[in-house]
Amino acid sequence: MALACEPAFPELTEYIKSVYNPEHPQGSLISILHRAQELYGFLSREVMDHISCVTEVPTAEIFGVATFYSYFRLKPQGKYRLSVCMGTACYIRGSSKLLETIEDILDIKPGQTSEDGLFTLDETRCIGACGLAPIVMVDEKVYAKVEPEQVKGILEEWMQEAE
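Keep in mind that what you see is a predicted model, and the values were worked out from it rather than measured.

S.K.: Could you give me a rundown of helix α6 (residues 95-106), with the residues and numbers involved?
M.R.: Since the α-helix turns once every 3.6 residues, residues separated by three or four places project in the same direction. Between the first and last C-alpha of α6 there are 16 Å, a value that for 12 residues agrees with the 16 Å anticipated at 1.5 Å per step. Burial in α6 covers these residues: S95, L98, L99, T101, I102, E103 and L106. Those residues of α6 that are buried are in contact with β1 (80-85), α5 (88-92), β2 (119-124), β3 (136-138) and α7 (148-162). Two residues or fewer past α6, D107 is found with a positive phi of approximately 55 degrees.

Below is the structure:
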């Protein structure tokens, strides 16, 4: 392992050391990226450079892995993850209108974070609750059979929670 790495991310460094195998440096990369995102919320250039320094896997390769998998985030995320199910049942029952309503209220598109840093908007595929369609989720809380008129109240509930 490289010794000249700056100690900017000590908890991540300890994790890397616990899972890293120098004979197969890429073997634990996904696990390391998951842990880094868990610790810091997203994978910044500095975090990827640090992982590169400790593992000796080129940053370009780490970036390639991080951008290949949709789970990894390269930008800061909102305090709350706001997801609209766009699976078939939800879509047929009006989830596209829910998404449009959220976009209008928060002035963001899927993949973006609201200006106040509270919400990151995502479109998700089927979450397996088709009988409750259309569904909006905020973090792990599921809102079932949501109508566009309910969206503002849902968002306000979480805005108050953040205060």
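S.K.: How would you summarise the nonpolar core if you had to cite specific residues and measurements?
M.R.: Judged by nonpolar contacts, the single largest core of 20 residues is most densely connected at L82, V84 and F119. Elements represented by at least two residues in this core include exactly β1, α6, β2, β3 and α7. Sequence-distant contacts of L82, defined by excluding residues within four places in its chain, comprise I102, L106, F119, T120, L121, D122, V136, M137, V138 and L155.

S.K.: Before we move on, can you summarise the environment of N21 with the specific residues and values?
M.R.: Its place among the elements puts N21 in the loop between α1 (10-19) and α2 (29-40). Between the C-alpha atoms of N21 and T55, which are 34 residues apart in sequence, the distance is 8.7 Å.

S.K.: Before we move on, could you go through the sheet that holds β2 and cite the residues and values that matter?
M.R.: Pairing is mixed in the open sheet, where 4 strands are placed in the order β2-β1-β3-β4. Since the sheet does not close on itself, it has two edges, and those belong to β2 and β4 (141-143), each with one partner. Averaged over all pairs of adjacent strands, the angle between strand axes in this sheet comes to 20 degrees, irrespective of strand direction. Of the strand pairs in this sheet, β1 and β2 are connected by 6 bridges, and their pairing is parallel. For R81, the partnering residue across the bridge sits in β2 and is T120. On the sheet, α6 packs against β1, β2 and β3 and is oriented at approximately 150 degrees with respect to β1. Relative to β4, α7 is tilted by about 155 degrees, and along the sheet it contacts β1, β2, β3 and β4.

S.K.: Describe the packing of aromatic side chains, and please don't skip the residues or the numbers.
M.R.: Going through the model one piece at a time under the given rule, you end up with 6 aromatic pairs. Here F9 and Y40 contribute two aromatic rings whose centre-to-centre distance is 5.2 Å and whose plane-to-plane angle is 70 degrees, an arrangement assigned as edge-to-face. Of this pair, F9 sits in the segment before α1 while Y40 is found in helix α2, placing the two residues 31 residues apart along the sequence. Y40 sits in the partly exposed class, given a relative accessible area of 31%. Taken together, a centroid distance of 5.9 Å and an interplanar angle of 45 degrees make the contact between Y80 and F119 tilted. Of this pair, Y80 sits in strand β1 while F119 sits in strand β2, placing them 39 residues apart in sequence. For the pair formed by Y80 and F119, the shared burial category is buried. What links up through ring pairs into an aromatic cluster is the set F68, Y69, Y71 and F72. Positioned above the aromatic ring of Y15, the side-chain terminus of R35 is 5.9 Å from the ring centre.

Rules of the game
Residues numbered from 1 in each chain as written. Predicted model: local features only at pLDDT ≥ 70, side-chain atom pairs only at ≥ 80, totals over all residues. Heavy atoms only, no water. Helix = DSSP H or I, 4+ residues; strand = E, 2+ residues; numbered from the N terminus. Expected span 1.5 Å × (residues − 1). Buried < 20%, exposed > 50% of the residue type's maximum accessible area, 1.4 Å probe, protein only. Contact = heavy atoms within 4.5 Å. Core = buried A, V, L, I, M, F, W, Y, C linked by side-chain atoms within 4.5 Å. Pairing = 2+ DSSP bridges. Axes fitted to C-alpha atoms, helices over the stretch in contact; angles between N-to-C directions. Phe/Tyr/Trp six-rings, centres within 6.5 Å; stacked < 30°, edge-to-face > 60°. Lys NZ or Arg CZ within 6 Å of the ring centre and 35° of its normal.

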